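Next come the chains, spelled out residue by residue.
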Amino acid sequence: MDRIYLDNASTSYPKAPGVVENMRLFMEEIGCNVGRGGYAGAYSAGEVVYDTRERLCRLFHSPKPQNVIFTSNITASLNFIIKGLLHPGDHVLVSAMEHNAMMRPLVQMEKLGVSFDRIPCDGQGQLLLDQVEGLIRPNTRAILMLHASNVCGTVMPIREVGAICHKHGLRFVVDAAQTAGVFPIDIVDMRIDALAFTGHKSLLGPQGIGGFIIEDSLAAELDPLISGGTGSRSDSEEVPDFLPDRFEGGTMNLPGIFGLNASLQYLEKEGIGNILQHEQTLSKRFSEGLAAFDCARIAGTEDPMKRAPVVSVDFTGRDNAEIAFLLDSQYGIMTRCGLHCAPSAHKTLGTFPQGTVRFSIGPFNTPKEIDFAVDAIKAILSTY
Ligand SMILES: Cc1ncc(COP(=O)(O)O)c(C=O)c1O
């Protein structure tokens, strides 16, 4: 049985062409550390690291490669930002659709005296923009928000929220887990102070590499959550005050960066606009196929061309977990069922606690696979 992978919102598979080869190249032929050795291999690895920062800058329209900070994933990036920025007495706003990568560090900080409010969203997960300004308090420091929901694909009005932050002197932090590599993001234009990304989703790179891009004045305010050796200023025990070293203590994930470098090359060659169009077209095809089934309720923004390529389905009157199990065991279709680390999003969408079966599309899925999935659902639903 051929396997059909429809769990790209969790992690993309397969990875972009060249990722494995580049990681192997590093492991087999380069292998040395960066910033710590005065020999040619270390310099050439360092060049790839710098080139990766530059490619990320091109993708997100950021002017300064040194402001790209590598971490292991977006969870680490958000922890870095939330715990480095906020102090007792501070207040922040988040959307009602956040992932636990945002909420759990915030709830930890709540116990230390930080408070937060959720900006309400409607039943399709769309931010109620007109309520944002009314929630801002004198001690509000920032708005932290995902760009698109991992549960249902609804896209947040990032540009508009960025303008509100700018008007009120608030920091704006964006979780681009579901959009980096597929939706256009312009850090400067959208007035984003820190953009957190993860390499293994739509950026099509390996697991274990992610990061954030940070604006200079926010970087100066942020306490480094992790500090250590950087290979620079080795005469001093102080954390370096310059970027990226200030936030990159310890040896970095070089195989991961080499892999990410290859996937960024692929994205540049293909063009993220073309990838988005391919994925949304398949998402539309799948959503139209599901329209034939009365019990298949799709969560989130109705128009598939306006959401990230995630189709989250609540099979009302059926057991979602059983449907996901049958899709996998009988048809080889891999999805993710449940609450997707985002309980507040499911509460907003009216799919808590039963959750949904999430079908998430990647650049390498085909129309044939989508039609096969619709037929499989039809066959499963006809049995009970
Ligand atoms: C919206 C969102 N934020 C954060 C994360 C966490 O990503 P990572 O596990 O790579 O840190 C995810 C992963 O599913 C996500 O969808």
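Conventions used here
- Residues numbered from 1 in each chain as written.
- Predicted model: local features only at pLDDT ≥ 70, side-chain atom pairs only at ≥ 80, totals over all residues.
- Heavy atoms only, no water.
- Helix = DSSP H or I, 4+ residues; strand = E, 2+ residues; numbered from the N terminus.
- Rg over C-alpha atoms; globule rule 2.2 N^0.38 Å.
- Buried < 20%, exposed > 50% of the residue type's maximum accessible area, 1.4 Å probe, protein only.
- Contact = heavy atoms within 4.5 Å.
- Areas by Shrake-Rupley, 256 points an atom, 1.4 Å probe, with all protein chains shown as cover.
- Core = buried A, V, L, I, M, F, W, Y, C linked by side-chain atoms within 4.5 Å.
- Domains from an automatic or database assignment.
- Buried area = accessible area lost by both parts, 1.4 Å probe.
- Salt bridge = Lys/Arg side-chain N within 4 Å of Asp/Glu carboxyl O.
- Pairing = 2+ DSSP bridges.
- Axes fitted to C-alpha atoms, helices over the stretch in contact; angles between N-to-C directions.
- Polar contact = N/O pair within 3.5 Å; in protein donor to acceptor, adjacent residues only side chain to side chain.
- Near = heavy atom within 4 Å.
- Nonpolar A, V, L, I, M, F, W, Y, C, P; charged D, E, K, R; others polar.

## Topic: the overall build of the protein chain
Then comes step 1: Check the secondary structure of the protein chain and you find twelve helices and 13 strands.
Then comes step 2: Taking 384 residues into account, the globule formula puts the C-alpha radius of gyration at 21 Å, and the protein chain, at 21 Å, falls close to it.
Then comes step 3: With the C-alpha coordinates of the protein chain rotated into their principal frame, the extents come out at 70 × 55 × 35 Å.
Then comes step 4: Residues classed as buried in the protein chain amount to 56% of the 384 residues present.
Then comes step 5: Considering only contacts in the protein chain between residues 6 or more positions apart, those separated by 24 or more positions represent 70%.
Then comes step 6: Accessible surface, the protein chain as shown: approximately 15800 Å² in total, 52% of it carbon and sulfur.

## Section: the nonpolar core
Then comes step 1: The biggest cluster of nonpolar side chains holds 65 residues, and the ones touching the most others in it are Phe60, Ile143 and Ile192.
Then comes step 2: No other element matches helix α8 (residues 254-270), which puts eight residues into this core.
Then comes step 3: Taken domain by domain, this core gets at least three of its residues from each of domain 1 (4-14 + 272-382) and domain 2 (19-269).
Then comes step 4: Phe80, Met102, Leu106 and Ala142 belong to the second largest nonpolar core, which has 30 residues in total.

## Observations regarding the domain arrangement of the protein chain
Then comes step 1: What the domain assignment lists for the protein chain is domain 1 (4-14 + 272-382) and domain 2 (19-269).
Then comes step 2: Using only C-alpha atoms to locate each centre, domain 1 and domain 2 end up separated by 27 Å.
Then comes step 3: For the pairing of domain 1 and domain 2, the buried interface totals around 2600 Å² over both sides, and the portion due to carbon and sulfur atoms is 55%.
Then comes step 4: When the area that domain 1 buries against domain 2 is broken down by residue, the three leading residues are Ile272, Cys341 and Thr348, summing to 21%.
Then comes step 5: The interface formed by domain 1 and domain 2 includes zero salt bridges.

## A look at the pattern of salt bridges
Oppositely charged side chains can pair when the atoms bearing their charge come close.
Then comes step 1: Enumeration according to the criterion identifies 18 salt bridges in this entry.
Then comes step 2: A salt bridge links Arg171 to Glu215; its shortest N-O distance comes to 3.3 Å. Taken together, the residues span a long stretch of sequence, with Arg171 in strand β6 (residues 171-175) and Glu215 in the loop between β8 (210-214) and α7 (216-221) at a distance of 44 residues.
Then comes step 3: Exposure remark for Glu215: the relative accessible area of 31% places this residue in the partly exposed category.
Then comes step 4: In this structure Arg171 comes out as buried when scored by relative accessible area, which is 14%.
Then comes step 5: Via salt bridges that share partners, Asp90, Arg141, Arg171, Asp193, Glu215 and Glu221 belong to a single interconnected network.

## Description of the sheet that holds strand β10 (residues 310-315)
Then comes step 1: Reading across from one edge, β9-β10-β13-β12 is the order of the four strands in this open sheet, with antiparallel pairing throughout. Looking at strand neighbours, the two that pair on one side only are β9 (296-298) and β12 (336-338), the edges of this open sheet. Mean inter-strand twist for the sheet, computed between neighbouring axes without regard to direction, equals 30°.
Then comes step 2: Across four bridges, the pairing between β10 and strand β13 (residues 356-360) is antiparallel. The residue bridging Val313 from the neighbouring strand is Val357, located in β13.

## Let's talk about the pairing of β8
The side chains of a regular strand alternate, residue by residue, between the two faces of the sheet.
Then comes step 1: Across the five residues of β8, five count as buried, placing the element largely inside the fold.
Then comes step 2: Where strand β7 (residues 194-198) meets β8, five bridges bridge the pair, whose relative direction is antiparallel. Its bridge partner being in β8, Thr198 is matched across the sheet by Gly210.

## Notes on the environment of Ser232
Then comes step 1: Along the chain, the position of Ser232 falls in the loop between α7 and α8.
Then comes step 2: Since its relative accessible area comes to 18%, Ser232 is described here as buried.
Then comes step 3: Sequence separation between Ser232 and Gln126 is 106 residues; the distance between their C-alpha atoms is 45 Å.
Then comes step 4: Aside from chain neighbours lying at most four places away, what touches Ser232 is Pro240, Phe242 and Asp245.
Then comes step 5: Here the side chain of Ser232 touches Thr230 through a polar contact of 2.7 Å, side chain to side chain.

## Observations regarding the site of the ligand
Then comes step 1: What surrounds the ligand is a group of 13 residues, the closest being Thr75, Asp175, Thr198, His200 and Lys201.
Then comes step 2: Between the ligand and the protein, one listed contact pairs a nitrogen atom with a side-chain N or O atom of Asp175 at 2.6 Å.
Then comes step 3: Between an oxygen atom of the ligand and a side-chain N or O atom of Thr198, the distance comes to 2.7 Å.
Then comes step 4: Considered class by class, the residues forming the shell around the ligand number four nonpolar, seven polar and two charged.

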